[in-house]
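# Secondary and tertiary structure notes
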Amino acid sequence: MASVVFEHVYKRFGDVTAVSDLNISINDREFLVFVGPSGCGKTTSLRMLAGLEEISDGKIYIGDRVVNDVPPKDRDIAMVFQSYALYPHMSVYDNMAFGLKLRKVAKTEIDKRVKEAAKRLGIEALLDRKPKQLSGGQRQRVAVGRAIVRNPAVFLMDEPLSNLDAKLRVQARAEISKLHQQLGTTFIYVTHDQVEAMTMGTRIAVMKDGVLMQIDTPQSLYDKPDNIFVAGFMGSPSMNMFKGTLTGGDGEMYVDTGIFRVKVPGFKHAPLKSHMGKEIIFGIRPEDVHDPEFAPVGIDKEMVDAKIEVTELMGNEVILYLNAQDKNFLARVDPRSKGRVGNSVSMAFNMDNIHIFDAKTEKAIR
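Let us look at the structure shown here.

The rules behind the values
Residues numbered from 1 in each chain as written. Predicted model: local features only at pLDDT ≥ 70, side-chain atom pairs only at ≥ 80, totals over all residues. Heavy atoms only, no water. Salt bridge = Lys/Arg side-chain N within 4 Å of Asp/Glu carboxyl O. Helix = DSSP H or I, 4+ residues; strand = E, 2+ residues; numbered from the N terminus. Buried < 20%, exposed > 50% of the residue type's maximum accessible area, 1.4 Å probe, protein only. Axes fitted to C-alpha atoms, helices over the stretch in contact; angles between N-to-C directions. Parallel < 35°, antiparallel > 145°, perpendicular 65-115°, else oblique. Left-handed = near helix turned anticlockwise from the far one by under 90°. Contact = heavy atoms within 4.5 Å. Nonpolar A, V, L, I, M, F, W, Y, C, P; charged D, E, K, R; others polar. Pairing = 2+ DSSP bridges.

Okay, the pattern of salt bridges next. Counting across every chain of the model gives 17 salt bridges. The residue Lys338 makes a salt bridge to Glu293 at a minimum N-O spacing of 3.5 Å. Here Lys338 is found in the loop between strand S18 (327-333) and strand S19 (344-350), whereas its partner Glu293 is found in the loop between strand S15 (289-290) and strand S16 (301-313), with 45 residues between them in sequence. The two residues Lys338 and Glu293 agree in class, both being exposed. Across the pair Glu317 and Arg332 runs a salt bridge, and its minimum N-O distance is 3.1 Å. Linking Glu317 in the loop between S16 and strand S17 (318-324) with Arg332 in strand S18, this pair joins segments that are 15 residues apart in sequence. A relative accessible area of 17% means that Glu317 is categorised as buried. Linked by salt bridges that have partners in common, Lys11, Arg47 and Glu53 make up one network.

And the structure:
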């Protein structure tokens with residue numbers, strides 16, 4: 001078990017900077033998730049930690065040791081790859097035992113660790129099979145089991161669920177989270193799926209173009225995104241964004257988008273006063289756009305007219321695709337809502353939960 005620190009870490013490929021000035025301190029036993037779109041530098045960061053990519057600048061610590069020049073095999077880490085990387089000619093047992101055999105671990109100890117890991121992962125009956133005889137979910141468990149038997153200080157996981165179908169991914173997410181709690185080891189996990197990040201991580205590091213955009217707990221990232229990118233990336237469906245201007249006077253403040261004009265609650269005025277008359281980006285999440293018949297009691301709501309273009313009936317909720325003067329936005333509404341395609345509706349915006357961003361810097365104003 002160990003903490004991990006990235007200290008002013010850079011990775012360059014020729015003239016391209018894949019990771020720029022990365023500074024993160026990961027606590028012992030933490031479950032940190034790197035998330036972001038393809039090419040944002042999250043896997044490169046993981047590979048530098050594993051020793052599979054050379055660091056261009058900066059330092060990486062595992063515990064109190066700088067590991068920049070330490071070979072991968074001596075870093076006390078175990079990695080689960082996206083492809084699982086199982087040896088096709090070996091049985092499940094031998095795949096899980098292979099790393100221990102290379103380290104000259106005693107045969108009885110290898111047998112004990114492999115069987116304990118197999119029991120924990122529910123693959124005891126598969127130990128004699130070859131990888132080609134396994135389903136995707138079973139192969140994923142074997143790859144995780146091969147990492148577990150090492151008893152490493154840090155687990156690294158590079159999109160290990162991306163090859164699974166949707167239902168199995170949900171199940172596997174829960175299994176990995178449970179495994180983290182049982183093992184009490186530091187987990188560092190890479191994914192492009194923000195749902196995985198939100199449901200698994202104790203903290204999430206959001207990256208874009210090799211730069212760390214924000215790192216925080218899942219709920220804080222969701223409630224208080226630092227910028228437009230994080231606000232739009234975290235949450236499914238993503239946050240609705242409207243270009244607008246802050247207007248008003250005599251103690252009143254409004255967001256005027258040219259499509260609608262909504263009143264800003266008084267408790268949000270203070271940080272916004274310096275942006276009066278300036279261009280801003282108005283953000284509101286789909287779950288804060290309500291069918292007024294089922295809007296929560298006590299919210300500060302403003303009405304916005306729109307037309308329903310598409311409905312997605314999800315059983316526990318309905319996603320409405322709305323259009324207001326050629327601007328599209330989404331609402332996540334109560335399943336009892338009677339709105340249908342083609343209907344003109346007046347939607348209730350929950351102004352208590354709005355987000356305002358500076359149009360030029362794209363940073364949150366709060």
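That covers the picture; the talk isn't over yet.
Another aspect to go through is the packing of helix H2 (residues 92-102) against helix H4 (residues 136-148). The interhelical angle for the contact between H2 and H4, taken along N-to-C directions, is 30°, at an axis separation of 8 Å. One way to sum up the angle between H2 and H4 is to call them roughly parallel. The way H2 lies across H4 gives a crossing that is right-handed. Packed against H2, whose contacting residues are Val92, Asn95 and Met96, the element H4 presents Val142, Gly145 and Arg146 at the interface. For the contact of H2 with H4, the residue count by class is three nonpolar, two polar and one charged.

With respect to the secondary-structure elements, Ala364 resides in the segment after strand S20 (355-358). Note on Ala364: relative accessible area 25%, which makes it partly exposed. Separated by 140 residues in the primary sequence, Ala364 and Lys224 place their C-alpha atoms 8.3 Å from one another. Leaving out residues up to four positions away in the same chain, Ala364 has contacts with Pro225, Asp226, Asn227, Ile356 and Phe357.

At the junction of Ser236 and Pro237, the peptide bond is cis and its omega measures out at -5° in the coordinates. Tracing the backbone through its elements, the reader meets Pro237 in the loop between helix H8 (228-233) and strand S11 (240-249). Even without a glycine there, the phi angle at His8 is positive, about 50°. Mapping His8 onto the fold places it in strand S1 (residues 4-13). By relative accessible area, which is 45% here, His8 ends up partly exposed.

What follows concerns the pairing of strand S10 (residues 211-216). Where strand S9 (residues 203-208) lies against S10, five bridges are found, and the strand directions are antiparallel. Paired with Ile204 across the bridge in S10 is Asp216. The turn linking S9 back onto S10 is made up of two residues, and Asp209 within it adopts a positive phi angle of 50°.

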